[in-house]
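Structural overview
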Amino acid sequence: MQTPVRGRVLPVVVIVGLALAACAPNQAQPSGGSQSAQPSSNLTGGTVKIGIAGFPDSLNPGNGLLSESYTLYELVFDTPVALAADGSYVPELATDWSVADDGVTWTLTLRDDVKFHDGTPMTSADVKFTLELYRDTDAFPYLPSYPDVFSKIEAPDPTHVILHADSPIGNFESRMAFIYVLPKHIWDKVKDPVAFENKEMIGTGPFKFVKSVQDESIELASNKDYWKGAPFVDNVTFQTIPNGDARVAALANGDIDLITDTPTTAVPTIRNNSDLELVVANPVSGDLRDIIFNQITPENCPPKDGECTGNPALRDVTVRKALATALDKSQIITVGKSGLATPGLTLVPPGLGDFYASEVPDYQFSVDAANKLLDDAGYRDTNGDGIRECLPSQDCKTGDLTFRFNYPDDIDSGAAEAEAIKGMWQAIGVKIEIQQLDSDTLTSICCPAFDYDVIMWGWGSDPDPAFLLGVAQCQEIPTGFSETGYCNPTYDNLYKQQGVEPDHTKRVAIVHQMQKILMDDVVYVIPYYQQYVEAHRTDTFTGWSQDLAPLGLEDPSQLSVLRPTSAQ
């Protein structure tokens, strides 16, 4: 994604995504408030082994892009405010927060019993330092967008942080939910926070970082001194198994205890195995598959990193509308997800409640209508090869509507979905050349290089719409946050308005207007909102969430309440 993250995360992505609930486990139930069945065993200890498709791209929370990274951050770090399963915000490191009568001065009251993994007490100085570091490090891809509205941050005593905004804000809690608090005594000695690898990964969370083997595994150990009670298990190991069938086989053989990114083709096999449990649910905030069009214009090409090699025809909104109209979302869901998804619409998923603009009309699937759009715009197939030519004014290098089509190798259904899309677009005289890439390579050609035509990827949604909607701002083109190169000053102004609108109803109206603009301009096409599908063994650990979101690693604090079924 790319948590708020791409499943590249973004987080997120599930893509396990940044819809991840902030970790605040206790010895009764996960902090997210999910009423999971409590373990019948009183045993403790053991190592939970988890099979995942990808590998964290950075141990430094400021640099994280991939959803696997954000799962790790949620286990190793704490945040001031946590997200509950019902979408509400609950205390974590902060016991309370309030805004003054002026509407712009916020106060966090912090716990006084929290220690970092190295034994150093956490105080307001660490929270202040973390907020300022994220805010002021522009090269961090995601986290600066959370504290960027606070012009002044104070720590008057060890348990209080005062944050001053220039204008009222309507989403304070969501801005705190992904502030992974860092130890000042370590980070203030770092000269370049972007280059800092953070190999020791010291946090305050329920698990301590032990070691990582690049592209193979991550090992964590229980934090026995965790302020809310130590996890029941001793260790957690994340094993990278890129191939979906291999993950399922490892689970069936007992080599691992849980798999995420479960291939939907394996659902019947899992259901027929008495030692395995399959759980399907909607993510807390939402998880989506998106198709990204390179719309960067020459004048907006980033001067430092931009390659900007996209086919110029994709800058034509008529071409993008035709591609959207020729996309049969129901077929993609059947082919790629075995029906375990719902048709997509806007960049803001339904999990965000009234922020989701359900009233915005979609582009109804019609090959005839798509062909007419291209015919009327002058795109012809004059040489009879089945591919329409670009317009003379577009200076396409290929000369026609042939697009490079990339997707990451950690999407198990990627090949099937790409082939389905290839056939749909071929029916309207558009050719795609499909290439699977690893997530790091895909990120490098995407943003801010813009060295691609079309990408199929995904987002795990933040609980507040500001994150995903922020992707489409003009100012995010050179940062690498924007994948499309879309730039619309009207949209940017609306984004600023929603960020400072304290009235929820008015803010919802602005967010809906922004979604309509993105749909009208076909900045993205969202084939579907996917469900979270995971599978775990029933004979090794008990306490997995069975019936309510958040599931397993969508709420990583779930790992804190697992117990072994027998002495290990």
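Our structure's up above, just so we're on the same page.
Note that this is a predicted model, so its numbers are computed, not measured. Note that residues are indexed from 1 along each chain, following the sequence as it is written. Since the coordinates come from a predicted model, pLDDT governs what is reported: local features require at least 70, and pairs of side-chain atoms require 80 or more to be given and counted, while whole-chain, interface and lining totals use all residues. Computation of side-chain values covers all heavy atoms of the structure but excludes hydrogens and water.

Considerations on the overall build of the protein
What counts here: Numbering of helices and strands starts at the N terminus; helices are DSSP runs of H or I of at least 4 residues and strands are runs of E of at least 2. The buried label applies to any residue whose accessible area, calculated with a 1.4 Å probe on protein chains only, is under 20% of its type's maximum; exposed applies above 50%, and partly exposed to all values in between.
Within the protein one finds 14 helices and 22 strands. In the protein, buried positions account for 61% of the 568 residues.

Quick notes on the pairing of strand β20 (residues 532-537)
Along any regular strand the residues' side chains alternate between the sheet's two faces. Condition: Only strands that DSSP links by at least two bridges are regarded as paired with each other.
Most of β20 is tucked away: 6 of the 6 residues are buried. Neither face of β20 is left uncovered, since the one carrying Tyr532, Glu534 and His536 and the one carrying Val533, Ala535 and Arg537 both have all their residues buried. Across 2 bridges, the pairing between strand β12 (residues 258-259) and β20 is antiparallel. The residue bridging Ile259 from the neighbouring strand is Ala535, located in β20. Where strand β13 (residues 276-281) lies against β20, 6 bridges are found, and the strand directions are antiparallel. Following the sheet pairing, Leu278 is matched in β20 by Ala535.

Notes on the packing of aromatic side chains
For the record, the criterion: Think of it this way: a Phe, Tyr or Trp ring, Trp meaning its six-membered ring, pairs with another when their centres are within 6.5 Å, and the plane angle makes it stacked under 30 degrees, edge-to-face over 60, tilted otherwise. Two thresholds decide whether a charge sits over a ring: the Lys NZ or Arg CZ must be within 6 Å of the ring centre and within 35 degrees of the ring normal.
Per the stated rule, a full pass over the model turns up 23 aromatic pairs. Both rings, one in Phe77 and one in Tyr180, keep their centres 6.4 Å apart while their planes meet at 55 degrees; by these two values the pair is tilted. Pair noted here: Phe77 is in the loop between α1 (67-76) and β3 (81-83) and Tyr180 is in the loop between α3 (172-176) and α4 (184-187), with a separation of 103 residues, a long-range link. Seen from their ring centres, Phe150 and Phe172 are 6.0 Å apart, and the 80 degrees between their planes marks the pair as edge-to-face. In this pair, Phe150 is assigned in strand β7 (residues 150-157) and Phe172 in helix α3, connecting sequence segments 22 residues apart. With respect to burial, Phe150 and Phe172 carry one shared label: buried. Of the aromatic side chains, those joined through ring pairs into one cluster are Tyr70, Tyr73, Phe77, Tyr142, Tyr146, Phe178, Tyr180, Trp459, Phe467 and Phe481. A cation over a ring is seen here: Arg563 above Phe232, with NZ or CZ 3.6 Å from the ring centre.

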